[in-house]
Amino acid sequence: QGSFVGGNSSVTTSSSVFSNAPAGSIGTTSGGKLQFQGNLANSGAFTPAGTGLILVTALTALHNGTQFGGTGGITELGGTATLDGQVTVAGNLQLGDTLNGLPHLTMNGLLEVQKGGNLNWQGGAIQGVGTNMTGTLQIDSGGTMSVNQIASLTLLNMVVTNSGIVTI
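Keep in mind that what you see is a predicted model, and the values were worked out from it rather than measured.

Colleague: For this particular structure, what's the right way to read the overall build of the chain?
Modeller: When its secondary structure is counted, the chain shows zero helices and 19 strands. Radius of gyration (C-alpha) of the chain: 15 Å, near the 15 Å computed for a compact globule of 168 residues. In terms of overall dimensions, the chain has C-alpha extents of about 35 × 30 × 30 Å along its principal axes. The contacts of the chain with a sequence gap of at least 6 include a subset with a gap of at least 24, amounting to 41%. Of the roughly 7,300 Å² of accessible surface on the chain, a fraction of 52% belongs to carbon and sulfur atoms.

In structure tokens form, the structure reads like this:
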């Protein structure tokens, strides 16, 4: 199992790919900020600690097994990302970031907000592939989803299943 822990640093991979394997973890120290730019492939975990922030503005591929966790910190997706397989939110995931604006998340799989997890959708698009319902957004019992900036949200070709709490 590998880990990459950053505090107030930036990783730029414009002509290469930073790949986080299934047993790998990308994290921060409490109060630390870690920003990814360029290309990122992830099958492992994002684990910001305390008040830490992981900001992903990279062209990102989220593969089966990706987990957004951590102990209070936030992971922000602000770039263009594709999701395949099952991706889980057990910590705090925010779509839309403070620096780069609106993300575009293309899903061919399941984004599951688990008990205790929170998905904060601040803007951008979440859509399935093509014209068929190819993506599922599932909020489990005990999971929450906050929806902000209603005018700037796009949801296309998705199935939304809510057993938790959605606040608008």
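Colleague: Help me understand a nonpolar patch on the surface, please; the structure alone is not making it clear to me.
Modeller: A contiguous nonpolar surface patch, about 320 Å² in accessible area, is contributed by Ile150, Val166 and Ile168. Mapped onto the secondary structure, Ile168 falls in the segment after strand 19 (165–167).

Colleague: Would you explain the packing of aromatic side chains in this entry?
Modeller: Geometrically, a pair of aromatic rings is defined through the distance of the ring centres and the angle of the planes. Counting across every chain of the model gives two aromatic pairs. Arranged with centres 5.0 Å apart and planes meeting at 5°, the rings of Phe46 and Phe68 form a pair that is stacked. Of the two residues, Phe46 is situated in strand 5 (residues 45–48) and Phe68 in strand 8 (residues 67–68); the sequence distance between them amounts to 22 residues. Looking at Phe46, the relative accessible area reads 0%, which means it is buried. With relative accessibility at 1%, the residue Phe68 sits in the buried group.

Colleague: Even after reading the chapter, I still don't get the pairing of strand 13 (residues 118–121), so can you show me in this structure?
Modeller: Two faces belong to every sheet, and in a regular strand the side chains alternate between them. Here strand 13 shows two buried faces, one formed by Asn118 and Asn120 and the other by Leu119 and Trp121. Direction of pairing for strand 11 (residues 92–95) relative to strand 13: parallel, over a ladder of four bridges. Bridging across to strand 13, Asn92 finds its partner in Asn118. Relative to strand 16 (residues 144–147), strand 13 is paired through four bridges, and the arrangement is parallel. Across the sheet, the residue bridging to Trp121 is Val147, located in strand 16.

Colleague: What is the right way to read the pairing of strand 3 (residues 25–28) from this model?
Modeller: Judged by which residues are buried, strand 3 turns out to be covered on both faces: Ser25 and Gly27 on one side and Ile26 and Thr28 on the other are all buried. In the sheet, strand 3 pairs with strand 5 via four bridges, with the strands oriented parallel. Across the sheet, residue Ile26 finds its bridge partner in strand 5, namely Phe46.

Colleague: I keep staring at the nonpolar core and nothing clicks. Help me out?
Modeller: As a rule of thumb, soluble globular proteins bury nonpolar side chains together. Grouped together as the largest cluster of nonpolar side chains are 32 residues, with contacts concentrated most on Leu105 and Leu111. Sequence-distant contacts of Leu105, that is, excluding residues within four places in its chain, are made with Leu62, Ala81, Leu83, Leu95, Leu111, Ala125, Ile126 and Gln127.

Calculation rules
Residues numbered from 1 in each chain as written. Predicted model: local features only at pLDDT ≥ 70, side-chain atom pairs only at ≥ 80, totals over all residues. Heavy atoms only, no water. Helix = DSSP H or I, 4+ residues; strand = E, 2+ residues; numbered from the N terminus. Rg over C-alpha atoms; globule rule 2.2 N^0.38 Å. Contact = heavy atoms within 4.5 Å. Areas by Shrake-Rupley, 256 points an atom, 1.4 Å probe, with all protein chains shown as cover. Patch = residues over 30% accessible without salt bridge, like charges linked within 9 Å, V, L, I, M, F, W, Y side chains within 5 Å. Salt bridge = Lys/Arg side-chain N within 4 Å of Asp/Glu carboxyl O. Phe/Tyr/Trp six-rings, centres within 6.5 Å; stacked < 30°, edge-to-face > 60°. Buried < 20%, exposed > 50% of the residue type's maximum accessible area, 1.4 Å probe, protein only. Pairing = 2+ DSSP bridges. Core = buried A, V, L, I, M, F, W, Y, C linked by side-chain atoms within 4.5 Å.

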